Amino acid sequence: MSSIVSLADRINALEESATLGMTKKARELAALGHKVISLSVGEPDFKTPKHICDAAKKAIDDGFHGYSPVAGYPDLRKAIADKLKRDNNIEWNPENIVVSTGAKHSLANVISTLVNPGEEVIIFAPYWVSYSEMVKLAEGTSVIVDGAFDNNFKVTPEQFEAAITPKTKLVMFASPNNPTGSVYTEAELRAIGAIVAKHPNIFVMADEIYEYINFTEAGHFSIGSIPEIKDQVITVNGVAKGHAMTGWRIGFIAAAKWIADGVEKLQGQVTSGTNSIAQKAATVAFNGPLDEAYKMKEAYLRRRDLVVGLLREIEGFKVNMPDGAFYAFPDVSYYFGKSDGTTTIKDSDDFSMWLLAEAFVATVAGTSFGAPDCVRISTAAADEQLVEACARIKNSVAKLK
Ligand SMILES: Cc1ncc(COP(=O)(O)O)c(C=O)c1O
């Protein structure tokens, strides 16, 4: 390629999505006839509940075929405001809500709307792969703060406070977390909130996409419900995980009006209102009932227990207990430096690639989640597949000496 004609620097600097990259490799091996068990993708294996699908069919028949308002249909924004009150103890009006094309889009919108070049975004690690890349696109600076394994991968309020500088604009994290499944308790979030309250120029992006997949007795707590920092918190959520609607692409933010207006302004120039049919389906999802979501949670809990139990039997694996979401995140660093006679495992990238080639089990290396000692294993698969995958992993790593 000519050195004059090339991609923009911002795209050249961007990493490929590791999860999608692994999924592609797994598909290639499957196409060659190998019995690949794909546990790399972060996607429920359930179908979208019928009453939600019916609402989409009705929306087509009722003629919702045109452009929607940029921030979403009024009945959807009202359903989200009602949901926030019902589930999260957060009181926002529909005008504080902007609906976008998935929570991923919502997160990217907020970062682009708030972060100036050179401003710092504190990211609690391990973190979801796209966070740091979104910050990069906005020319912000990611400040990664590591949650320790012994604290179930959670960042302490003290660690957070120590990372704040005059350039800090935003702090972002997901609870329940992808990839660790960790859930921040109400006490932990209140302690973080107390620090935020001392810094009126710092904003919190609370990614609550796994809200309904929470196994703790206390349940989900939203940092946005703390009155003192209400205007500083942007709550992000959507339908993808809890309602098994990944392909429908509906996410939202709930935030102070000036932030919501900024996001709407950006979205008005880039994508316009998101898919009209999906919005109508999401309205039904947010209005409830949530019976199907809770049934799915029970299945994820059973599989969590199954997979964590099996992984803990594998020599050298250090496995935390996920309190939510649908991932296991074992520390596999015990195998770094070991070899099967042909391949030496240097890091989790090698480990994950080796496992795919050796056991035909697709996982994702922890490197791109900011946790290079770990691999992410999705538990959103049939029980038999999970049992078979764990057996293959166990048999394979026994060859590493
Ligand atoms: C932590 C986290 N946030 C956001 C998203 C994106 O959700 P959506 O599919 O609604 O864009 C994901 C998807 O994997 C995720 O794991």
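Parameters at a glance
Residues numbered from 1 in each chain as written. Predicted model: local features only at pLDDT ≥ 70, side-chain atom pairs only at ≥ 80, totals over all residues. Heavy atoms only, no water. Helix = DSSP H or I, 4+ residues; strand = E, 2+ residues; numbered from the N terminus. Expected span 1.5 Å × (residues − 1). Buried < 20%, exposed > 50% of the residue type's maximum accessible area, 1.4 Å probe, protein only. Arc of directions from axis to C-beta. Contact = heavy atoms within 4.5 Å. Pairing = 2+ DSSP bridges. Near = heavy atom within 4 Å. Polar contact = N/O pair within 3.5 Å; in protein donor to acceptor, adjacent residues only side chain to side chain. Areas by Shrake-Rupley, 256 points an atom, 1.4 Å probe, with all protein chains shown as cover. Nonpolar A, V, L, I, M, F, W, Y, C, P; charged D, E, K, R; others polar. Core = buried A, V, L, I, M, F, W, Y, C linked by side-chain atoms within 4.5 Å. Domains from an automatic or database assignment. Patch = residues over 30% accessible without salt bridge, like charges linked within 9 Å, V, L, I, M, F, W, Y side chains within 5 Å. Salt bridge = Lys/Arg side-chain N within 4 Å of Asp/Glu carboxyl O. UniProt positions renumbered as here; feature names shortened; annotations may be inferred. Axes fitted to C-alpha atoms, helices over the stretch in contact; angles between N-to-C directions. Parallel < 35°, antiparallel > 145°, perpendicular 65-115°, else oblique. Left-handed = near helix turned anticlockwise from the far one by under 90°.

It is worth spelling out helix H8 (residues 186-197) at this point. Between its first and last C-alpha, H8 extends 16 Å over 12 residues, near the 16 Å set by a 1.5 Å rise per residue. Residues of H8 that are buried: Glu-188, Leu-189, Ile-192, Gly-193, Ile-195 and Val-196. Buried residues of H8, seen end-on, are gathered within an arc of 160° and therefore sit on one face of the element. Contacts from the buried residues of H8 go to strand E3 (120-125), helix H7 (157-163), strand E5 (168-174) and strand E6 (203-207).

A few words on the pairing of E5. In the case of a regular strand, side chains alternate between the two sheet surfaces. Across the 7 residues of E5, 7 count as buried, placing the element largely inside the fold. With 4 bridges joining them, E3 and E5 adopt parallel strand pairing. Across the sheet, residue Val-121 finds its bridge partner in E5, namely Leu-170.

Take the site of the ligand next. Around the ligand sit 13 residues in total, of which Ala-103, Asn-178, Asp-207, Lys-241 and Arg-249 are the nearest. Residue Arg-249 places a side-chain N or O atom 2.8 Å away from an oxygen atom belonging to the ligand. Here the ligand loses 93% of its free accessible area of 400 Å² to cover by the protein chains. Looking at side-chain class alone, the shell around the ligand contains 7 nonpolar, 2 polar and 4 charged residues.

The next thing to look at is helix H11 (residues 291-312). Taking 1.5 Å of rise per residue, the 22 residues of H11 would be expected to cover 32 Å, and the 32 Å separating its terminal C-alpha atoms lies within 8% of that figure. Among the residues of H11, those classed as buried are Ala-293, Met-296, Lys-297, Ala-299, Tyr-300, Arg-303, Arg-304, Val-307, Val-308 and Leu-311. Looking down the long axis of H11, one finds its buried residues gathered within 165° of arc, a one-sided arrangement. When the buried face of H11 is taken as reference, the exposed residues oriented beyond 90 degrees from it are Asp-291 and Lys-295.

Now for the environment of Ser-106. Residue placement: Ser-106 occurs in helix H5 (residues 103-114). Note on Ser-106: relative accessible area 0%, which makes it buried. Not counting chain neighbours up to four residues away, the residues in contact with Ser-106 comprise Ser-100, Val-236, Gly-251, Phe-252 and Ile-253.

Grouped together as the largest cluster of nonpolar side chains are 73 residues, with contacts concentrated most on Ile-111, Leu-170, Met-205, Ile-234 and Phe-286. Per-element accounting of this core gives the leading share, 6 residues, to helix H10 (residues 276-287). Built from parts of two domains, this core gets at least three residues from each of domain 1 (3-47 + 292-397) and domain 2 (64-289). Non-local contacts of Leu-170, meaning those with residues more than four positions away in its chain, are made with Ile-111, Leu-114, Val-115, Glu-120, Val-121, Ile-122, Phe-203, Val-204, Met-205 and Ile-234. Listed in part, the 26 residues of the second largest apolar core include Ile-37, Val-308, Ala-328 and Cys-390.

Among the surface-exposed residues, Leu-7, Ile-11 and Leu-137 lie close enough to one another that they form a single nonpolar patch of about 250 Å² accessible area. Following the sequence through the fold, Leu-7 ends up in the segment before helix H1 (9-12).

Moving on to the UniProt feature "domain: Aminotransferase class I/classII large" (unreviewed entry) in the chain. As annotated by UniProt and renumbered to match this structure, "domain: Aminotransferase class I/classII large" (unreviewed entry) occupies residues 35-393. Secondary structure over residues 35-393 splits into 38% helix and 14% strand, and the C-alpha atoms at its two ends are 14 Å apart.

Their axes nearest at 8 Å, the elements helix H3 (residues 50-61) and H10 cross at an angle of 140°. By the angle class used here, H3 and H10 are oblique. Here H3 and H10 pass one another in a crossing that is right-handed. Note on element contacts: H10 touches H3 through Ile-277, Lys-280, Ala-281, Val-284 and Ala-285, opposite His-51, Ile-52, Ala-55, Ala-56, Ala-59 and Ile-60. Across the contact of H3 with H10, the residue classes break down as 9 nonpolar, 1 polar and 1 charged.

A full pass over the atoms with the stated rule returns 22 salt bridges. Asp-75 is the partner of Lys-280 in a salt bridge, and the nearest nitrogen-oxygen pair spans 2.9 Å. Of this pair, Lys-280 sits in helix H10 while Asp-75 is found in helix H4 (residues 74-88), placing the two residues 205 residues apart along the sequence. With relative accessibility at 13%, the residue Lys-280 sits in the buried group. The partly exposed category is assigned to Asp-75, whose relative accessible area is 34%. Across the pair Lys-346 and Asp-350 runs a salt bridge, and its minimum N-O distance is 3.0 Å. Salt bridges here are not isolated pairs; linked through shared partners, they connect Asp-45, Arg-302, Arg-303 and Asp-383.

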